[in-house]
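Chain residues, written in single-letter form:
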Amino acid sequence: METTLIILKPDAVQRGLCGRVISRFEDKGLQVVGMKLMRISDQLAATHYEAHKSKPFYPGLVRFMTSSPVVVMAVRGIGAITIARNLMGATFGSKAAPGTIRGDFGVSNSFNLIHGSDSPEAAERELKLFFAPGEVLDWTRAGDAWVYDATGGTPE
Ligand code: IDP
Ligand code: MG
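A. Highlighting the sheet that holds strand 4 (residues 114–116). The strand order 2-3-1-4 describes an open sheet built from four strands, whose pairing is antiparallel. If you trace the sheet from one side to the other, it starts and ends with strand 2 (31–38) and strand 4, each paired once. With strand direction ignored, the average angle separating the axes of adjacent strands in the sheet is 15°. Relative to strand 4, strand 1 (residues 2–8) runs antiparallel, the two sharing three bridges. Bridge pairing in strand 4 links L8 to I114. Across the face of the sheet, helix 7 (residues 120–130) comes into contact with strand 1, strand 2, strand 3 (70–77) and strand 4 while running at roughly 60° to strand 1.

Shown next, in the form of structure tokens:
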């Protein structure tokens, strides 16, 4: 099982799209194991996006991410990191394929609704930045027997 960090960015919250975006993860069969509304501080945005510090869009990105509340989620499943990235779609709303979150709900290259960790290393690092110990819950989903095929011994 992998757990990934998802952020519903300020544009998703301000546009009232959180429910529909969260539904995409639930509909797919991924499990929400952490979720909260929060305001990202300048310091947290800088740490989270430190890999982009030298990019021309960095100052605007930090301003955007700290401008209004976000919803942060810890989302779990087999292959959850790649599955979430595929649900999100390409970075730019203008290029993202229809059927993806960014492809269906936005047109902007910077206001692109959602963040998702891009590797297991990034997920581990980012989850620790946004969730304190105890805020990510291990819980059993009643429907799991019908989400994964466990009849062969290991869920697949
Ligand atoms: P990702 O969110 O798809 O992983 P990254 O390349 O990691 O994309 O960029 C982080 C965020 O920075 C993007 O989601 C987007 O909000 C913003 N961003 C990336 N490239 C550009 C750009 O060329 N112009 C404006 N904003 C950008
Ligand atoms: Mg990225």
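The rest of the description comes next.
B. Unusual backbone geometry, seen in detail. The phi dihedral of L113 falls on the positive side, at around 75°, and the residue is not glycine. Tracing the chain through its elements places L113 in the loop between helix 6 (101–105) and strand 4.

Cut-offs used in this document
Residues numbered from 1 in each chain as written. Chains lettered and ligands numbered in written order. Predicted model: local features only at pLDDT ≥ 70, side-chain atom pairs only at ≥ 80, totals over all residues. Heavy atoms only, no water. Pairing = 2+ DSSP bridges. Helix = DSSP H or I, 4+ residues; strand = E, 2+ residues; numbered from the N terminus. Axes fitted to C-alpha atoms, helices over the stretch in contact; angles between N-to-C directions. Contact = heavy atoms within 4.5 Å.

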